[in-house]
Amino acid sequence: MFMNLKTNTLPLLPAALCVLLGASTALRAQSTNTVEIQIKADQVASHVSPMLYGLMTEEINYSYDGGLYGELVRNRNFKEDAKDPVHWQLVQEHGGVGSSSLDASQPFNDAIPASLKLSVTQASGNQRVGVANDGFWGIPVRPNTSYRASFYAKASPGFTGPLTVAIVSGIVNNDGATVLASAQVPRVTQDWKKYEVTLTAGKAAPSAENRMVISAGTPGTVWFNLVSLFPPTWGDRPTGNRKDIMQLLADMKPAFLRFPGGNYLEGNTLATRFDWKKTIGDISERPGHMNDSWRYWSSDGMGLLEFLEWCEDLRMQPVLGVYAGYSLRGGARFAPGAELEPYVKEALEEIEYVTGDAGTTWGARRAKDGHPAPFPLEYVEVGNEDNADRQVGSYEGRFAQFFDAIKAKYPKLKVIATTLVTTRAADVIDEHYYRRSEEEMAFHANDYDTRRRTGQPVFVGEWATRVGDPTPNMSAALGDAAWMVGMERNSDLVIMASYAPLFVNVNKGGMQWVTDMIGYDTMSSYGSPSYYAQKMFSVYHGDDVVPIAAQGIPTKEWQPPAGRGGFIPPPQTPGRAGTAQPPGPQGAARGGGRGNQPAGPQQPAMPLQVPLMFFDATRDSKTGTIYVKVVNRAATPQSVHIAVSGVAAVEPGGQAITMSASSPADTNSITEPAKIVPIVRTVDGLSTNFSRTFPPYSISVLEMRAK
Ligand code: AHR
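The following paragraphs examine the structure supplied in this document. No experiment lies behind these values; they were computed from the predicted model shown. Residue indices follow the written sequence of each chain, beginning from 1 at its first position. Side-chain atom pairs in this predicted model are given and counted only at pLDDT of 80 or more, local residue features only at pLDDT of at least 70, and totals for whole chains, interfaces and linings cover all residues. With hydrogens and water stripped out, all remaining heavy atoms of the structure feed into the side-chain values.

1. Focus: the nonpolar core
Piece 1. By nonpolar core is meant a set of buried Ala, Val, Leu, Ile, Met, Phe, Trp, Tyr and Cys residues that side-chain atoms within 4.5 Å join together. When accessible area is computed with a 1.4 Å probe and restricted to protein chains, residues below 20% of their type maximum are described as buried, those above 50% as exposed, and intermediate ones as partly exposed. Of all hydrophobic cores here, the largest spans 123 residues; its most connected members are Leu249, Trp310, Phe402, Val460, Trp463 and Ile699.
Piece 2. Here a helix means four or more residues in a row that DSSP labels H or I, a strand means two or more in a row labelled E, and each is numbered from the N terminus. Looking at this core element by element, the count peaks at nine residues for helix α9 (residues 474–489).
Piece 3. Any two residues whose heavy atoms approach within 4.5 Å are treated as being in contact. The contacts of tryptophan 310, once residues within four sequence positions are left out, are Thr57, Tyr64, Leu68, Asn241, Met246, Leu249, Leu257, Met302, Met316, Leu502 and Phe503.
Piece 4. If you look at the next biggest cluster of nonpolar residues, it comprises 40 residues, including Ile139, Tyr147, Ala149 and Leu180.

Structural data, given as C-alpha cells:
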C-alpha cells in the first residue's frame with residue numbers, strides 16, 4: 001500500500017507515527033522483522049528545493065575572531081578593554097627595561113581612540129624590550145609557512161627603531177624563547193604609518209603555544225595600533241578566512257549562508273547590534289563592538305563585505321538578515337512609523353551595498369571597498385526570532401514597514417519573516433527548532449508531512465538536536481538525520497534549512513552555546529557526526545522527491561521529560577488556512593536559546609512511541625539515479641526489503657554511503673576528529689527487489705542507477 005506522505009493521517013496517533021506506519025504495525029516494536037519499503041520511481045511527489053541545504057552563521061563561540069576569520073592577533077586595536085591592553089604583555093629580555101600601557105593621548109583615528117605605548121628605558125647589546133600578543137589561545141605556526149604581519153606605529157622624537165617583528169615560542173614572557181620567524185622594520189617615523197613584513201617559519205614543528213612580539217633594542221618611545229598577523233588564507237584573500245574550516249564548509253556544498261545572526265544581529269542594545277556600516281572599509285577604520293549577546297568583543301573583521309565574499313568563495317547565495325528595529329529582550333524597540341524609519345533606510349542602504357551597481361551611492365562604496373561587481377541577492381530576512389519580544393505582536397507593524405519599503409524598491413527580493421505575520425504576505429517564514437534529545441527530534445521528524453500547503457514556504461533557519469558537548473555526538477546526528485529526512489521529503493514546503501550554531505572554538509572559554517556543528521582549536525578543526533550527516537544529505541540527493549511507503553517500522557517508547565520546558569506533543573490539526581502555521585508548541589531551547597516557537601503550557605508528559613527508522617527517496621531527473629536515505633536509530637541491525645516500481649531495471653552495482661557508530665554516545669573531537677565519518681562503498685546486488693541490512697545507529701544513502 002502506498003500512502004501519500006503529505007496528507008494521510010490516522011487521527012488517534014501522533015503525527016510522526018501516522019505518516020510512516022501502517023495502522024496494523026503502529027506502536028509495535030518489530031526489530032526482528034524485515035521492514036518493507038516501496039519506492040515509486042516514476043512518480044514525482046514534489047521537488048527538492050535547490051536551496052534546501054545551507055548554512056547559518058553569527059559571531060558565537062568565537063566563530064570568526066578566533067575561528068574562521070584568519071586574524072591571529074587578539075585585541076588588535078586595543079578596544080577589548082578600555083583600561084588595559086588585554087592579550088598584550090610587556091617583553092623585557094636579557095635585562096632590557098621598559099613599560100607598556102594604553103595611551104588615550106595618542107588616538108589612532110575616530111574609531112580607535114587609544115594606542116599601545118611602549119617606552120624602552122634600558123636596551124643595549126642583546127637586551128630587548130617589546131610587546132607580545134598571545135593571540136586566540138596562542139599563535140599557530142606551521143613549517144615552511146609565511147605570515148603577513150602589519151601594524152601602525154608612531155615614534156617619539158629621537159626614536160627611529162629598528163623594530164623586530166617575530167613569532168616566538170611560549171605563551172608567557174620568557175628569555176629562553178625560540179624565534180620561529182622574524183623580520184625587521186628598519187626605521188619608524190613620528191607620524192602614524194603602516195608597516196608590513198612577511199614572517200616565514202622554516203622547519204618549525206607545528207605548534208600553537210607561541211606569541212607575536214614587536215620589540216626594540218634601543219631606548220625611546222613608540223606607539224602601536226592595528227597590529228595584525230594573517231596566515232595563508234582561503235583564496236589568498238589578504239584578510240581572509242582559515243583554510244581548514246573553509247574546506248570543511250566547501251565539502252558540504254551549501255546553497256546559501258544566512259548571516260549575520262541570530263542574536264548577534266540584534267545585540268542587547270541598539271549600540272551593540274550588528275551595525276553594518278561600522279563593519280566595512282579598511283580594517284583600520286572598523287571600531288569593532290561588544291558582542292553582548294554572546295559576551296565577548298567582536299573585531300568586525302568579518303564585516304558585511306567579508307560575509308559576501310565568503311558566499312562568493314563557496315558559491316553560496318547570501319541570505320541577508322537586516323536589523324529590524326528590535327534588540328534582545330526589548331533592549332531597543334522602535335515603534336512603526338517615523339521612529340522605525342531610520343532602520344528601514346539603513347536596511348535599504350545595506351541592500352544597495354550588496355546589489356547596487358557602482359552608479360549607486362552604496363554600490364560605489366562597495367566598489368571602493370574592493371568589490372566592484374554587485375552580489376546576487378534573492379532573500380532578505382527582517383530581524384531574528386521576533387516572536388520572543390515580550391511586547392507580543394510588536395513585529396507585525398515593524399515587519400510591515402520593512403516589507404513595504406523593500407518591495408517598493410526591490411520588488412524581486414523575497415522577504416523572510418521571523419515569525420508569523422498577518423498584515424503582509426511574507427514570502428517565507430523562518431522557523432527554529434532546537435530539540436533536547438534524539439527522541440524528541442525523531443518524534444518531530446515527520447511534522448511537515450501534515451502541514452497545509454496553502455501557506456508560505458518555510459525556512460528552517462536554525463535547528464539542531466542538542467546532544468553532545470561541545471559538538472554533537474552520534475545520537476544527535478541520528479536525530480538530525482531523521483529531521484532532515486522529513487525536511488527533504490517535504491521540500492516543496494521547506495525550501496531552505498540551516499543547522500545552528502555552525503562553529504565552536506573548543507578551547508577553554510571558547511563556547512557560549514553547547515552542541516555546535518564544527519569544532520576547532522588554534523591548529524585544527526573537525527566535523528561532528530552531525531556535520532557528516534549534513535554533508536551526506538546535502539551532497540547526495542536528486543531533484544525530485546519520489547513517493548516512498550514503509551511498513552513494519554520498529555518503534556521505541558520515549559518518556560518526554562516533564563516540567564518546565566518539558567516536551568508536549570503537537571496537536572494533530574493542520575495549520576491555519578493561508579499561513580504556514582507550525583503544528584504546535586515546541587520545546588524551548590536548552591542553554592539560553594529561545595527558538596522562535598513559544599514554549600507550551602505546563603502539562604504532564606505522556607509516554608510516546610517514536611519510530612526507530614526513517615526513509616526518503618529522491619531521484620535525479622536527468623540521470624535517473626535514485627537516492628534512498630535510511631536512518632536506523634535502533635541498537636540492532638535492521639533488514640530492509642526495498643521494492644522499486646516504475647523503472648525497467650536497477651543496475652546491480654551502486655554506491656552506499658554509510659555512517660555508523662557502536663554507541664550513540666560515540667563522537668568526534670579535536671583529538672579524535674575522524675572517529676565517525678561516512679564510508680563510501682561500491683555495492684552489488686541492487687535491483688528492483690532486494691534486501692539490505694542497515695547497521696545499528698546508522699545513517700545511509702543508497703545510490704542506485706535506474707534504467
Ligand atoms: O543559535 C543560537 C541562538 O539561538 C541564535 O542566536 C538565536 O537566533 C537562537 O535563539
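Further notes follow.
2. Regarding the site of the ligand
Piece 1. Taken together, 13 residues are adjacent to the ligand, and Glu58, Asn263, Glu385, Tyr434 and Glu462 come closest.
Piece 2. Within the side chain of asparagine 384, an N or O atom sits 3.0 Å from an oxygen atom of the ligand.
Piece 3. By the criterion applied in these results, polar contacts are pairs of N or O atoms within 3.5 Å in which, for protein atoms, one can donate a hydrogen and the other can accept it, and in which residues neighboring in sequence qualify only through two side-chain atoms. In this structure, an oxygen atom belonging to the ligand sits 2.6 Å away from a side-chain N or O atom of tyrosine 434.
Piece 4. In the complex, the protein chains occlude 100% of the 280 Å² of accessible area that the ligand would expose alone. Only heavy atoms are used to decide nearness, and a residue is near a molecule or strand if one of them lies within 4 Å of it. In these tables, accessible area is a Shrake-Rupley quantity obtained with a 1.4 Å probe, and a residue counts as shielded only by the protein chains included in the view.

3. With respect to the pattern of salt bridges
Piece 1. A side-chain nitrogen of Lys or Arg and a carboxyl oxygen of Asp or Glu constitute a salt bridge if their distance falls within 4 Å. Applying the stated criterion to the full structure yields 30 salt bridges.
Piece 2. Through salt bridges with shared partners, a single network forms among Arg237, Glu309, Glu312 and Asp313.

4. With respect to helix α10 (residues 529–539)
Piece 1. Counting buried residues along α10, nine of its eleven residues qualify, which places the element largely inside the surrounding structure.
Piece 2. When we look at burial in α10, the residues that qualify are Pro529, Ser530, Tyr531, Tyr532, Ala533, Gln534, Met536, Phe537 and Ser538.

5. A word on the sheet that holds strand β1 (residues 35–40)
Piece 1. Here the rule is simple: two strands pair whenever DSSP picks up at least two bridges between them. With respect to topology, four strands assemble into an open sheet ordered β29-β1-β34-β37, the strand pairing being mixed. Edge strands, defined here as strands with exactly one partner in the open sheet, are β29 (548–551) and β37 (689–694). With strand direction ignored, the average angle separating the axes of adjacent strands in the sheet is 20 degrees.
Piece 2. Sheet topology note: the strand β34 (residues 638–645)/β37 ladder contains six bridges and is antiparallel. Bridge pairing links alanine 643 to asparagine 689 in β37. Every axis corresponds to a line fitted to the C-alpha atoms, with the helix fit spanning only the stretch in contact, and the corresponding angles, defined between N-to-C directions, vary from 0 to 180 degrees.

6. Points about the packing of aromatic side chains
Two descriptors summarise a pair of aromatic rings, namely the distance from one centre to the other and the angle between the planes of the rings.
Piece 1. Classification of ring pairs uses Phe, Tyr and Trp, with its six-membered ring standing for Trp, and accepts pairs whose centres are within 6.5 Å; under 30 degrees between planes counts as stacked, over 60 as edge-to-face, and the remaining range as tilted. Counting across every chain of the model gives 30 aromatic pairs.
Piece 2. Taking the centre distance of 5.6 Å and the plane angle of 55 degrees together, the rings of tryptophan 276 and tyrosine 353 count as tilted. With tryptophan 276 in the loop between α3 (263–266) and β15 (289–291) and tyrosine 353 in helix α5 (residues 341–355), this residue pair connects regions lying 77 residues apart in the sequence. Taken individually, tryptophan 276 and tyrosine 353 each receive the classification buried, so the pair is uniform in this respect.
Piece 3. Pairing phenylalanine 399 with phenylalanine 403 gives two aromatic rings, centres 5.5 Å apart and planes at 35 degrees, and the pair type is tilted. Of this pair, phenylalanine 399 and phenylalanine 403 are both found in helix α7 (residues 394–409), four residues apart, which corresponds to roughly one turn of the helix.
Piece 4. Since its relative accessible area comes to 0%, phenylalanine 399 is described here as buried.
Piece 5. Of the aromatic side chains, those joined through ring pairs into one cluster are Tyr64, Phe259, Tyr264, Phe274, Phe307, Trp310, Phe503 and Tyr520.
Piece 6. Charge-over-ring placement is defined geometrically: NZ (Lys) or CZ (Arg) within 6 Å of the ring centre, and within 35 degrees of the ring normal. Lying across the ring of tyrosine 434, arginine 466 places its NZ or CZ 5.9 Å from the centre.

7. What to know about the side chain of threonine 522
Piece 1. As for its placement among the helices and strands, threonine 522 is situated in the loop between β26 (518–520) and β27 (525–527).
Piece 2. Only 3.3 Å separates the side chain of threonine 522 from the backbone oxygen of phenylalanine 136, close enough to count as a polar contact.
Piece 3. Among the polar contacts listed, one links the side chain of threonine 522 to the backbone oxygen of tryptophan 137, at a separation of 2.8 Å.
Piece 4. Setting aside its immediate chain neighbours within four residues, threonine 522 contacts Phe136, Trp137, Gly138, Pro140, Ala208, Arg242 and Asn507.

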